[in-house]
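Per-entry structural report
Below, each chain spelled out in residue letters.
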Amino acid sequence: MKQSDKATLIGLMAIILWSTIVGLIRSVSDYLGPTGGAALIYTLASVFLLLSTGWVRLREFPRLYLFWGSILFVCYELCLALSIAYAHNSRQAIEVGMVNYLWPTFTIVAAILFKQQKANWLIVPGLFLSMLGISWILGGEQGLNPNSVWLNVQDNPLSYGLALSGALIWAGYSTMTARIAQGKNGITLFFMLTAATLWMNHLFQGAPSLTVSTPALVYLLLAASAMGFGYAAWNVGILHGNITLLAGASYFIPVFSAALSSLLLRTPLATSFWQGSAMVCSGALLCWLAIRLRQPKVLKNAQPAEKSRCISADAAGPPGQQ
């Protein structure tokens, strides 16, 4: 097997790993609590990242990237983890995860607004289809029903609000860091800062006790591995593999995530959910085609981890959660 084919397979493994994150974060939070469980996940994931990607000299990093990258990355990861952890039930956790998967569409729109990319008319139906898909999911078994959507969001505005905020924050993070990172990769540092922030939040809440059990440890190890090793595998894929194939596959993470989360959480999903998921994926693909057909300029200064998230002519990468 060619080296590039091996790298592509490793990159595809990252997509599978990231597709398990919603179900695994929810499982850990059920055993260890929202903040304590999330803090342990990011702490262990930081260790895995140190072992797989190593450390870098911070003095070599652009200060602007360290400042804004740290803030936006930590805020996104907090929104991702806590939106899932604070969901009232497993189905709601999966729905919240789907709201977070609006980030590819938002990232493309941000790139266009800030003139990093040019797009054709496909961007309009792509954006519309993505938003329609989320509304379809939140409508429950009735599909597109404004009243059902509103009641669903009212049931837990914190989780849905965090998920939507996370998608918007990631769009800003992707667009900005691609310009200022200068080829540097701060993922390990950012994960450590996220872990520290979650521990401070946990202590601020009175440090609720963590009841450790065998199932809790298993889910914790799996969740941290999916996050930490997922990043390492994705970087190998985009550096040495077929980046176009990986980009196309990454747009199906919402469907993969819903399927695996449904199995992990033992939560059956209605037909309307799958219809909405298909709309979200299709909308993101249309947005990708909208810029790809215009043959936009690839951001040369983007670091591997950031370029994988910046929607360019060749690639789009999933986030830490997705």
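In this text the structure is predicted, and so the values were computed from the model without any measurement. (Residues numbered from 1 in each chain as written. Predicted model: local features only at pLDDT ≥ 70, side-chain atom pairs only at ≥ 80, totals over all residues. Heavy atoms only, no water.)

Here we take up the packing of helix H2 (residues 21-32) against helix H11 (residues 214-240). It is at 9 Å that the axes of H2 and H11 come closest, and there the two elements cross at 145°. Crossing handedness for the pair H2 and H11: left-handed. Taken together, the residues of H11 that come into contact with H2 (itself represented by Ile21, Leu24, Ile25, Ser27, Val28, Tyr31 and Leu32) are Pro215, Ala216, Tyr219, Leu220, Leu222, Ala223, Ala226 and Met227. A breakdown of the residues in the contact of H2 with H11 according to their chemical character gives 14 nonpolar, one polar and no charged. (Axes fitted to C-alpha atoms, helices over the stretch in contact; angles between N-to-C directions. Helix = DSSP H or I, 4+ residues; strand = E, 2+ residues; numbered from the N terminus. Left-handed = near helix turned anticlockwise from the far one by under 90°. Contact = heavy atoms within 4.5 Å. Nonpolar A, V, L, I, M, F, W, Y, C, P; charged D, E, K, R; others polar.)

So, on to the side chain of Ser27. Within the element layout of this structure, Ser27 appears in helix H2. In this structure the side chain of Ser27 is engaged in a polar contact, spanning 2.8 Å, whose partner is the backbone oxygen of Gly23. The contacts of Ser27, once residues within four sequence positions are left out, are Tyr219 and Leu265. (Polar contact = N/O pair within 3.5 Å; in protein donor to acceptor, adjacent residues only side chain to side chain.)

Taking 1.5 Å per residue, 24 residues should reach 34 Å; helix H9 (residues 157-180) reaches 34 Å between its end C-alpha atoms and fits that length. At the exit of H9 stands Gln182, carrying a positive phi of roughly 55°. (Expected span 1.5 Å × (residues − 1).)

This next bit is on a nonpolar patch on the surface. Judged by side-chain polarity, Leu50, Trp55, Val56, Leu58 and Met192 come together as a nonpolar surface patch covering roughly 410 Å² of accessible area. With respect to the helices, strands and loops of the structure, Val56 is situated in the loop between helix H3 (34-53) and helix H4 (63-85). (Patch = residues over 30% accessible without salt bridge, like charges linked within 9 Å, V, L, I, M, F, W, Y side chains within 5 Å. Areas by Shrake-Rupley, 256 points an atom, 1.4 Å probe, with all protein chains shown as cover. Salt bridge = Lys/Arg side-chain N within 4 Å of Asp/Glu carboxyl O.)

Let us now look at helix H5 (residues 90-100). Summarising burial for H5: 10 of the 11 residues are buried, a large majority. N-cap assignment for H5: the residue whose side-chain oxygen lies 3.3 Å from the backbone N of Arg91 is Asn89. (Buried < 20%, exposed > 50% of the residue type's maximum accessible area, 1.4 Å probe, protein only.)

Another aspect to go through is the state of the cysteines. All chains considered together, the criterion is met by zero disulfides. With no disulfide of its own, Cys75 lies closest to Cys79 among cysteine sulfurs, the gap being 6.6 Å. Look at Cys79 and you get buried, because its relative accessible area is 8%. (Disulfide = S-S within 2.5 Å.)

The description of an aromatic ring pair rests on the distance of the ring centres and on the angle between the ring planes. Summed over the entire model, instances satisfying the criterion amount to 17 aromatic pairs. Pairing Tyr31 with Tyr219 gives two aromatic rings, centres 6.0 Å apart and planes at 25°, and the pair type is stacked. Pair noted here: Tyr31 is in helix H2 and Tyr219 is in helix H11, with a separation of 188 residues, a long-range link. Between the aromatic rings of Phe61 and Tyr65, the centroid separation amounts to 6.0 Å while the plane-to-plane angle is 10°, which identifies the pairing as stacked. Side by side, Phe61 and Tyr65 carry an identical accessibility label, which is buried. Here a set of aromatic residues connected by ring pairs shows up, and it is made of Trp18, Tyr42, Phe61, Tyr65, Phe73, Tyr76, Trp170, Tyr173, Phe190, Phe191, Tyr231 and Trp234. (Phe/Tyr/Trp six-rings, centres within 6.5 Å; stacked < 30°, edge-to-face > 60°.)

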